[in-house]
Amino acid sequence: MVHLFTATGAVFAMLAMLAAVDHKWSLMYLWLVVAFVVDGIDGPLARKYQVKTYAAQFDGVLLDLIIDYLTYVFIPAFALFRSGLLEGWTGWICIIVITFGSAMYFADNRMKTKDNSFSGFPGCWNMVVLVLFVTEPNFWVILGIVVVIAASMFTRLEFVHPVRTMRWRHITLPVAFAWTFFAGWAAWLDFDPGLLVITALTLTSLYLMFAGIAMQIIPPRKI
């Protein structure tokens, strides 16, 4: 049942892709937010019910990666390319960098650290592109952001897993919930949610982006 729940993410990915093809960006992102919620829940369920023991015939990690590539990388890259936010060759550069770099990252068996954080940016382009949709920066700024973040996938910079990184989890988990709420709100309001939501979405995104790096710089307190 846990694996079946995880697999619903593929259905939500298809619904998001169909919306994206029709340039229904708000509907696309609402489906991606639903998929994001499923992805946040299925891992704890899998560990609680010991799927590696009781449903070992299915590879839950592989299933999760397939769906994550669709919902975190492929569909957001397509949306960014077709959104009109990028001009000419910059759109091609962005989708090539996002899809190629993320494919290599997802296949890297060094992506997880000992504390279950991510080594290198974990390919969460759905979050990046949503913020770009809301803030609509200049296309040169978008190109720079995409290239820098893509390059960070192949560094030893660490990025938090909102659920599994234990250090600062009492802050990270509520921030992740807040980001999901504001992302859904922004999509519901057709990416024109007002200054309050834009500010909240930007601040929560910055925390999730840089919290892991801050943990590398700030040593843990000795008990």
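Read on for a plain summary of the structure.

Rules and cut-offs
By convention here, each chain's residues receive numbers from 1 onward along its written sequence. For this predicted model, a pLDDT threshold of at least 70 governs which residues receive local features, and a threshold of 80 or more governs which side-chain atom pairs are given and counted, while totals over whole chains, interfaces and linings are taken from all residues. Hydrogens and waters are ignored; side-chain quantities use all the structure's heavy atoms. Secondary structure elements are defined from DSSP: runs of H or I of at least 4 residues count as helices, runs of E of at least 2 residues count as strands, and each element is numbered from the N terminus. Distance and chemistry together define a polar contact, namely a pair of N or O atoms within 3.5 Å, with one atom able to donate a hydrogen and the other to accept it when in protein, and with adjacent residues in sequence counting only for side-chain atoms on both sides. Relative accessibility under 20% of the residue-type maximum defines a buried residue, over 50% an exposed one, and the middle range a partly exposed one, all with a 1.4 Å probe and only protein chains included. In what follows, a contact means two residues having at least one pair of non-hydrogen atoms within 4.5 Å. In plain terms, two cysteine sulfur atoms within 2.5 Å form what is called a disulfide here. Each patch groups residues whose relative accessible area exceeds 30% and which form no salt bridge, using 9 Å between like charges and 5 Å between nonpolar side chains of Val, Leu, Ile, Met, Phe, Trp and Tyr. Per-residue accessibility takes into account occlusion by the displayed protein chains alone, with areas from the Shrake-Rupley method and a 1.4 Å probe. For salt bridges, the criterion is a side-chain nitrogen of Lys or Arg within 4 Å of an Asp or Glu carboxyl oxygen. Here a Phe, Tyr or Trp ring, Trp counted by its six-membered ring, pairs with any other such ring whose centre lies within 6.5 Å, and the pair is stacked when the planes are under 30 degrees apart, edge-to-face when over 60, and tilted otherwise. As used here, the term nonpolar core means buried Ala, Val, Leu, Ile, Met, Phe, Trp, Tyr and Cys residues forming a set that is joined through side-chain atoms within 4.5 Å.

## Side note on the side chain of Ser102
Line of reasoning, step 1. For Ser102, the location among the structural elements is in helix 5 (residues 89-106).
Line of reasoning, step 2. Reaching out from Ser102, the side chain makes a polar contact with the side chain of Trp125 at a distance of 2.9 Å.

## Re the side chain of Ser119
Line of reasoning, step 1. Position of Ser119 relative to the elements: it lies in strand 1 (residues 118-119).
Line of reasoning, step 2. Under the relative-accessibility criterion, Ser119 is labelled buried at 8%.
Line of reasoning, step 3. The contacts of Ser119, once residues within four sequence positions are left out, are Tyr105, Arg110, Met111, Thr113, Met153, Thr155, Arg156 and Leu157.

## Some remarks on the state of the cysteines
Here a disulfide denotes a covalent bond joining the sulfur atom of one cysteine to the sulfur atom of another.
Line of reasoning, step 1. Evaluation of the coordinates by the stated rule reveals zero disulfides.
Line of reasoning, step 2. Cys94 carries a free sulfur, and the closest cysteine sulfur to it, the one in Cys124, is 17 Å from it.
Line of reasoning, step 3. Classification of Cys94 as buried rests on a relative accessible area of 1%.

## Regarding a nonpolar patch on the surface
Line of reasoning, step 1. A cluster of nonpolar residues, Trp92, Ile96, Phe100, Met104 and Phe154, forms a patch on the protein surface that exposes about 600 Å² of accessible area.
Line of reasoning, step 2. Counting through the fold element by element, Trp92 comes out in helix 5.

## Brief notes about the packing of aromatic side chains
Line of reasoning, step 1. Tallied over the full model, the rule gives 17 aromatic pairs.
Line of reasoning, step 2. Both rings, one in Trp25 and one in Phe133, keep their centres 5.8 Å apart while their planes meet at 85 degrees; by these two values the pair is edge-to-face. You can see Trp25 sitting in helix 2 (residues 25-48) and its partner Phe133 sitting in helix 6 (residues 125-135), a full 108 residues away along the chain.
Line of reasoning, step 3. For Trp25, a relative accessible area of 13% corresponds to the buried category.
Line of reasoning, step 4. Judged by its relative accessible area of 6%, Phe133 is buried.
Line of reasoning, step 5. Summarising the aromatic geometry, the rings of Phe133 and Phe191 are spaced 5.2 Å apart at their centres and angled 65 degrees between planes, so their arrangement reads as edge-to-face.

## A look at the nonpolar core
Line of reasoning, step 1. Formed by 62 residues in total, the largest nonpolar core has its most connected members in Met28, Leu80, Phe121, Trp125, Trp179 and Leu201.
Line of reasoning, step 2. Residue assignment for this core shows that the elements contributing at least two residues are helix 1 (2-21), helix 2, helix 4 (60-82), helix 5, helix 6, helix 7 (139-152), helix 8 (169-188) and helix 9 (195-217).

## Overview of helix 6
Line of reasoning, step 1. With respect to burial, helix 6 is a largely interior element, ten of its eleven residues being buried.
Line of reasoning, step 2. Buried residues of helix 6: Trp125, Asn126, Met127, Val128, Val129, Leu130, Val131, Leu132, Phe133 and Val134, and no others.
Line of reasoning, step 3. Note on helix 6: the residue one or two positions beyond its end, Glu136, has a positive phi of about 50 degrees.

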